[in-house]
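Chain residues, written in single-letter form:
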Amino acid sequence: MKFFLRIVLIAGLSWPALMFLPWWSSAVVAFVVGLLLSQAKKRRMFGKKQPPALAFLAGLIALFLLVGVFAFIQNSGNGGLLAGKISAIILGDGGAPMEPGIFLVLVSALIAGLVGGFSAMTGNLLGEALKSN
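So, how was this worked out
Residues numbered from 1 in each chain as written. Predicted model: local features only at pLDDT ≥ 70, side-chain atom pairs only at ≥ 80, totals over all residues. Heavy atoms only, no water. Axes fitted to C-alpha atoms, helices over the stretch in contact; angles between N-to-C directions. Helix = DSSP H or I, 4+ residues; strand = E, 2+ residues; numbered from the N terminus. Parallel < 35°, antiparallel > 145°, perpendicular 65-115°, else oblique. Contact = heavy atoms within 4.5 Å. pLDDT = per-residue confidence, 0-100. Patch = residues over 30% accessible without salt bridge, like charges linked within 9 Å, V, L, I, M, F, W, Y side chains within 5 Å. Areas by Shrake-Rupley, 256 points an atom, 1.4 Å probe, with all protein chains shown as cover. Salt bridge = Lys/Arg side-chain N within 4 Å of Asp/Glu carboxyl O. Expected span 1.5 Å × (residues − 1). Buried < 20%, exposed > 50% of the residue type's maximum accessible area, 1.4 Å probe, protein only. Polar contact = N/O pair within 3.5 Å; in protein donor to acceptor, adjacent residues only side chain to side chain. Bend = angle between axes of the 7 residues up to and from the residue.

Running from N to C, helix H4 (residues 81-91) and helix H5 (residues 100-132) cross one another at 80°; their axes reach a closest spacing of 8 Å. The angle between the axes of H4 and H5 places the two elements in the roughly perpendicular class. In this structure, H4 uses Ala 83, Gly 84, Ile 86, Ser 87 and Leu 91 to contact H5, whose residues at the interface are Pro 100, Gly 101, Phe 103 and Leu 104.

Per-chain confidence: the protein averages 85 in pLDDT, with 88% of residues scoring 70 or above. The spread of mean pLDDT over the elements of the protein runs between H4, the lowest at 77, and helix H2 (residues 25-36), the highest at 93.

This part takes up a nonpolar patch on the surface. A cluster of nonpolar side chains, contributed by Phe 64, Leu 65, Met 98, Leu 106, Leu 110, Leu 114 and Phe 118, occupies part of the molecular surface with about 610 Å² of accessible area. Elements with a contribution of two residues or more to the nonpolar patch: helix H3 (51-77) and H5. The leading source of residues in the nonpolar patch is H5, at four residues. Looking at the secondary structure, you find Leu 110 in helix H5.

Right, let's talk about H3 for a bit. With 27 residues, H3 extends 39 Å from end C-alpha to end C-alpha; this agrees with the ideal 39 Å at 1.5 Å per step. Of all the residues in H3, the buried ones are Pro 51, Pro 52, Ala 55, Ala 58, Gly 59, Ala 62, Leu 63, Leu 66, Val 67, Gly 68, Ala 71 and Asn 75. Of the surrounding secondary structure, the elements contacted by the buried residues of H3 are helix H1 (2-20), H2, H4 and H5. The positive-phi residue at the C-terminal boundary of H3 is Gly 79, with phi of around 70°.

What follows concerns the side chain of Ser 26. With respect to the element layout, Ser 26 can be found in helix H2. With a relative accessible area of 5%, Ser 26 lands in the buried category. Engagement of the side chain of Ser 26 in a polar contact is seen with the backbone oxygen of Trp 23, the distance being 3.0 Å. Apart from residues no more than four positions distant in its own chain, Ser 26 is found in contact with Ser 14, Leu 18 and Leu 63.

What follows deals with H1. End to end, H1 covers 27 Å across 19 residues, agreeing with the expected 27 Å (1.5 Å per residue, within 8%). The largest bend in H1 amounts to roughly 25° and is located at Ser 14, with the proline Pro 16 lying one to four residues further along. The set of residues buried in H1 consists of Phe 3, Arg 6, Ile 7, Ile 10, Ser 14 and Ala 17.

Here's what the structure looks like:
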């Protein structure tokens, strides 16, 4: 249940942050959510699911979907013209494995998802360390 709460909180609080603040503000949101929802538990090597991995997965899913939808809407607004030109500059003429606009949307979403996942996991680990002492 806390896993879905993390996803909803990270995506819901990152949405206004992405509208008005720089892109990295969503990483701060994921960090704070991970910090506030952490628990003081001893992790077992071969026991139950480990909370930092779930925090990483929640941050990854939340920001991958949020930034993916934002980038897709922006890409559709101009017919994929800008993303196609940027993709041609980065990958060359025949480098994209799929439509260049969609490829750039997926790469943007993946990078944002990784940043969100690492931020949420870092916040969760810091919260565990602070609460266990």
